[in-house]
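# Fold and geometry: a report
Listed here are the chains, written in short residue letters.
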Amino acid sequence: MRRGDRWLANDPLVADRLRAAGDPLVVDLGYGASPVTTLELAARLRTVRADLRVIGLEIDPERVVPGRDGVQFARGGFELAGLRPILVRAFNVLRQYPESAVPEAWSRILSGLHPDGLLMDGTCDELGRRCAWILLDRTGPLSLTLAWDPFTVEQPSGIAERLPKALIHRNIPGEPIHTLLTAADRAWAHSSPLAPYGPRVRWRHAANLLRDQGFPLRPQRRRLRDNTFTVPWTTVAPLS
Ligand SMILES: C[S@@+](CC[C@H](N)C(=O)[O-])C[C@H]1O[C@@H](n2cnc3c(N)ncnc32)[C@H](O)[C@@H]1O
């Protein structure tokens, strides 16, 4: 999840919205058995804006803990406990729900946001080596980001098992996410001569190959520790 935290703090759209917010409230929805990841999110995003308010919401009342380090915790679900945050992070929450529940869950969360608010619906494995997230605003999904540990995940499609619920059942031939992951694996294989320079150099080359083929990977403004890429939602939106 730290990969997602770093991305949020560095994404121009997210950072702009946090800086411009009259009430810079961030909600970590479904923070789980331990509030540590919420505290980490708060610490990371306070580098963007020091006066950020962070509230962790949990549907399970037994998981609600006393506040600490300036972060509050409370009971709440997709209705966001009536709060109007500028950003909601929901990691590994929707994956517990059926695919058919995603549109309704998104729409409930989005309707509770501040009008300029954003939702990050993400997933990762237990060790955080494979992460994927969708960024949405009130109009719907904006982008998909895939991030993986270049030293343990062998190829881009290794992320497939941790795709967000809206996409995980769509990694089948004919669906756009499958087309993207297949092309990413091919570009990765074609970049193998660069393997001696390390997986990050190899991935930068593979990402450029993908761009040459017309996949609109967002330009990366800075060097990242992870292998990561972001595409517009229109590139991966399920066919129906
Ligand atoms: C797998 S844990 C994820 C914890 C943490 N976000 C992480 O990624 O490590 C999912 C959590 O979401 C909570 N949850 C499930 N549905 C929810 C909902 N509608 N609103 C808020 N929390 C929910 C569960 O109680 C559980 O604690």
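Our subject in this report is the structure included herewith. (Residues numbered from 1 in each chain as written. Predicted model: local features only at pLDDT ≥ 70, side-chain atom pairs only at ≥ 80, totals over all residues. Heavy atoms only, no water.)

### Thoughts on the nonpolar core
As a reminder, the rule being used: Side-chain atoms within 4.5 Å link the members of a nonpolar core, which is a set of buried Ala, Val, Leu, Ile, Met, Phe, Trp, Tyr and Cys residues. Partly exposed residues are those whose accessible area sits between 20% and 50% of the maximum for their type, while under 20% is buried and over 50% is exposed, using a 1.4 Å probe and protein chains only. For helices the rule is a DSSP run of H or I covering at least 4 residues; for strands it is a run of E covering at least 2, with both sets numbered from the N terminus onward. Contacts are residue-level and defined by heavy atoms, with any inter-residue pair within 4.5 Å sufficient.
Among the nonpolar cores identified, the biggest contains 47 residues, and L29, W106, L146 and W203 are the most heavily contacted of them. Top element by residues in this core is helix α6 (residues 176–190). It accounts for 7 residues. Residues within four places of L146 in sequence aside, it is in contact with C131, A132, I159, L163, L181, N227, T228 and F229. Among the nonpolar cores identified, the runner-up in size contains 28 residues, and A21, V26, F91 and A147 belong to it.

### Brief notes about helix α3 (residues 36–45)
What counts here: When we speak of the arc, we mean the arc of directions from the helix axis to the C-beta atoms.
Within α3, the full set of buried residues consists of T38, L39, L41, A42 and L45. Within α3, the buried residues cover an arc of 160° as seen down the axis, which keeps them to one side. Residues of α3 that are buried in the fold lie against α1 (2–10), α2 (12–20), β1 (25–29), β2 (53–58), β3 (71–75) and β4 (87–91).

### Comments concerning the packing of α1 against α2
As a reminder, the rule being used: Angles run from 0 to 180 degrees between N-to-C directions of axes, and those axes are lines fitted to C-alpha atoms, restricted for helices to the stretch in contact. Oblique is the label for every angle not falling under 35 degrees (roughly parallel), over 145 degrees (roughly antiparallel), or within 65 to 115 degrees (roughly perpendicular). Amino acids outside the nonpolar list (Ala, Val, Leu, Ile, Met, Phe, Trp, Tyr, Cys, Pro) and the charged list (Asp, Glu, Lys, Arg) are all regarded as polar, and Gly is one of them.
Two elements in contact, α1 and α2, have axes separated by 5 Å at closest approach and are oriented at 65°. For the element pair α1 / α2, the angle class is roughly perpendicular. From α1, W7, L8, A9 and N10 reach across to α2, where they touch P12, V14 and A15. For the contact of α1 with α2, the residue count by class is 6 nonpolar, 1 polar and no charged.

### Observations regarding the pattern of salt bridges
The criterion, for reference: Salt bridge, as used here: a side-chain nitrogen of Lys or Arg that lies within 4 Å of a carboxyl oxygen of Asp or Glu.
Counted under the stated rule, the structure contains 12 salt bridges. Measuring nitrogen to oxygen at the nearest pair gives 3.7 Å for the salt bridge that ties D60 to R63. R63 gets classed as partly exposed once you look at its relative accessible area, which sits at 34%. Residues R130 and D125 are paired through a salt bridge, measuring 3.2 Å at the closest nitrogen-oxygen approach. With respect to burial, R130 and D125 carry one shared label: buried.

### Brief notes about the packing of α1 against α3
Selection criterion: Crossings are sorted by hand: turned counterclockwise from the far helix by less than a right angle, the near helix makes the crossing left-handed, and turned clockwise it makes it right-handed.
The N-to-C vectors of α1 and α3 enclose an angle of 25°; their axes lie 9 Å apart at closest approach. Between α1 and α3, the crossing angle belongs to the class labelled roughly parallel. Here the hand of the crossing between α1 and α3 comes out right-handed. Between α1, through R2, D5, R6, L8 and A9, and α3, the contact on the second element is made entirely by E40, L41, R44 and L45. Grouping the amino acids of the contact of α1 with α3 by side-chain chemistry returns 4 nonpolar, no polar and 5 charged.

### Quick word on the sheet that holds β2
Going by this rule: Two strands are said to pair when DSSP picks up at least two bridges between them.
Taken together, 8 strands build an open sheet; the order of strands is β3-β2-β1-β4-β5-β6-β7-β8 and the sheet is mixed. Lying at the two open borders of the sheet, with one neighbouring strand each, are β3 and β8 (227–232). Between one strand axis and the next, the sheet turns through 20° on average, direction left out of account. Where α1 meets the sheet, its contacts fall on β4, β5 (118–124), β6 (130–137), β7 (140–148) and β8, and the angle it forms with β6 comes to roughly 40°.

### Some thoughts on the layout of surface pockets
The following threshold applies: A pocket here means an open set of points on a 1 Å grid, computed over the protein atoms alone, that has protein on both sides within 12 Å along at least five of seven lines. A cavity is instead a set of points where a 1.4 Å probe fits but cannot get out; residues with an atom within 4 Å of a point line either one. Grid points are joined across faces, edges and corners, and a volume is the space filled by probe spheres set on the points.
Taken as a whole, the largest pocket encloses approximately 770 Å³ of empty space. M1, T37, F91, N92 and C124 are the residues nearest the centre of the largest pocket, which is lined by 36 residues in total. Listed by contribution, the elements that provide at least two residues to the lining of the largest pocket are α1, β1 and α3. Looking at the lining of the largest pocket element by element, the count peaks at 3 residues for α1. A per-class count over the lining of the largest pocket returns 11 nonpolar, 8 polar and 17 charged.

Spatial relationships are all this shows, so hold off on functional conclusions.
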